[in-house]
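Structural characterization, general
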Amino acid sequence: MADPTAYPDPGDDTGVGSGPGSPPGMPRWVKVSGIVVGALVLLFVVLQLTGVGGEHGPAMHGPGARASEGDHEGDTRPIDGAPELACTAEEPAFDPDRIELPAGMPVNVALSAADILHDLVVDEIDFHLAADREKTVTGGPVLDEPGTHGGYCSVEGHREAGMELEFLVTASEGGHTPPVDH
Ligand SMILES: [Cu+2]
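Keep in mind the model is a prediction, meaning the values are calculated, not measured.

This part takes up the overall build of the protein chain. Helix and strand counts for the protein chain come out as two helices and nine strands. At a minimum sequence separation of 6, the contacts of the protein chain that also span at least 24 residues come to 63%.

What follows is the structure in structure tokens.
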């Protein structure tokens, strides 16, 4: 009884698949087609994720995508009719790096990026403007509270390099909002 082919399996004698873990009687083509189907499913998923299959990614520009190239959905809108204050962003600083104005005065900041993409963020008043290289964007910060409001560029490393800007808001005379020029 030293016969190695003890199993009555004359059809498939390759030895592959007759290990202890595989059910006997599972032909090799079942496994091969399983692998093929798996590969096709994987390919399909990859195509869906990369968007080759069409428009399946409506949430490409969600919040939190700040300062990425071409994303201006988080930008503060300009105030209609307000005067513009020009501010140039060029590494490693804003010019000017200090803007003084009375509280409540409507004003727009026209931010120009001279060299590369920069932005201007003032967290406490929820102000954000991003300017691509050699572009100018305009937005109106709401500065109702007297005091100093610190702004900065949120591009990685820029704030540390010195890209900070101060809004110095002075109390308006008599506590009134100055009248808008008619
Ligand atoms: Cu910057």
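Our next topic: the nonpolar core. A89, L111, L120, L129 and A131 are the most contacted members of the largest nonpolar core, which has 20 residues in total. Only strand 1 (84–90), strand 4 (108–113), strand 5 (118–122), strand 6 (127–131) and strand 9 (164–170) provide two or more residues apiece to this core. Apart from residues lying up to four places away in sequence, L120 is in contact with A89, V109, L111, L129, G151, C153 and L165.

Now for the sheet that holds strand 7 (residues 136–139). Ordered in space as 2-1-4-7, the four strands form an open sheet in which the pairing is mixed. What marks the edges here is a single partner per strand, and that holds for strand 2 (93–95) and strand 7. Pairwise comparison of adjacent strand axes, ignoring direction, gives a mean angle of 25° for this sheet. Relative to strand 4, strand 1 runs parallel, the two sharing six bridges.

Glancing now at the confidence of the model for the protein chain. Do not read the fine detail of predicted coordinates wherever pLDDT is low. Looking at the protein chain, pLDDT values average 77 and 61% of them are 70 or higher. Under a pLDDT of 50 for its full length, residues 53–70 has, in the predicted model, 19 contacts with residues more than four places off or in other chains.

Here we come to the environment of H128. Along the polypeptide, H128 turns up in strand 6. In sequence terms H128 and Y152 are 24 residues apart; their C-alpha atoms lie 9.7 Å from each other.

Parameters and conventions
- Residues numbered from 1 in each chain as written.
- Predicted model: local features only at pLDDT ≥ 70, side-chain atom pairs only at ≥ 80, totals over all residues.
- Helix = DSSP H or I, 4+ residues; strand = E, 2+ residues; numbered from the N terminus.
- Contact = placed C-beta atoms within 7 Å.
- Core = buried A, V, L, I, M, F, W, Y, C linked by C-beta atoms within 7 Å.
- Buried ≥ 20, exposed ≤ 12 C-beta atoms within 10 Å, placed from the backbone.
- Pairing = 2+ DSSP bridges.
- Axes fitted to C-alpha atoms, helices over the stretch in contact; angles between N-to-C directions.
- pLDDT = per-residue confidence, 0-100.

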